[in-house]
Amino acid sequence: MEISKHCFYEYGYKGTTMREIGKQCNISQSLLYYYFKNKQDVVAELMADFYKKSEKLLSEYINQEEHPFLYLLCLCRLLYKEVQKNPKE
């Protein structure tokens, strides 16, 4: 998944192919298709992983702020800090 994330970052969605992902992973394209039907499935898995990581990070803020605006501000700060740590994420 890290390699596919890198491919999407470097080449964009349109420029990334299943063939390129397989090549970068040093696996056959048929093996990649065994796990993913298409490029959209790869992206869906990346998004699911991102959601899980975000949910874990945000869970600590849920109970700390009762005011919606302050909660949103905390959320934005947290996401900004995470993006600064790893812009490719």
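Look above for the structure.
Rules used in this analysis
Here the residue index of a chain counts from 1 through its sequence in written order. A pLDDT threshold of at least 70 governs which residues receive local features in this predicted model, and a stricter bar of 80 or more applies before side-chain atom pairs are shown or counted, although totals over entire chains, interfaces and linings include all residues. Hydrogens are left out, water is left out, and the side-chain values use all remaining heavy atoms of the structure. As used here, the term nonpolar core means buried Ala, Val, Leu, Ile, Met, Phe, Trp, Tyr and Cys residues forming a set that is joined through side-chain atoms within 4.5 Å. Here's how the labels work: a residue is buried when its accessible area is under 20% of the maximum for its type, exposed when over 50%, partly exposed in between, all with a 1.4 Å probe on protein chains only. Residue contacts follow a heavy-atom distance rule, with two residues in contact if any of their heavy atoms lie within 4.5 Å. Each helix is a run of DSSP H or I of at least 4 residues and each strand a run of E of at least 2, with the numbering of both proceeding from the N terminus. In the sections that follow, a salt bridge refers to a side-chain nitrogen of Lys or Arg positioned within 4 Å of a carboxyl oxygen of Asp or Glu.

Trainee: Help me understand the nonpolar core, please; the structure alone is not making it clear to me.
Mentor: Within soluble globular proteins, side chains that are nonpolar generally end up buried alongside one another. Cys7, Phe8, Met18, Ile21, Leu32, Phe36, Val42 and Leu46 form the largest nonpolar core, which has eight residues in total. Ignoring sequence-local partners within four residues, the contact set of leucine 46 consists of Met1, Ser4, Lys5 and Phe8.

Trainee: Help me out: how do you make sense of the environment of tyrosine 33 in this one?
Mentor: Positionally, tyrosine 33 belongs in helix 3 (residues 29-35). Exposure remark for tyrosine 33: the relative accessible area of 37% places this residue in the partly exposed category. In this structure the C-alpha to C-alpha distance between tyrosine 33 and methionine 18, which are 15 residues apart in sequence, comes to 8.1 Å. The residues contacting tyrosine 33, other than those within four sequence positions of it, are Met18 and Asn38.

Trainee: Looking at this structure, how should I read helix 2 (residues 18-25)?
Mentor: Regarding helix 2, the residues found buried are Met18, Glu20, Ile21 and Gly22. Backbone geometry just downstream of helix 2 places asparagine 26 in the positive-phi region, at approximately 60°.

Trainee: Which parts of the structure should I look at to understand the pattern of salt bridges?
Mentor: Opposite charge on two side chains makes pairing possible when the charged atoms of those side chains draw close. Scanning all chains against the criterion turns up one salt bridge. Between glutamate 2 and lysine 5 there is a salt bridge; the shortest N-O distance is 3.2 Å. Taken together, the residues glutamate 2 and lysine 5, both in helix 1 (residues 2-15) and three residues apart, mark about one turn of the helix.

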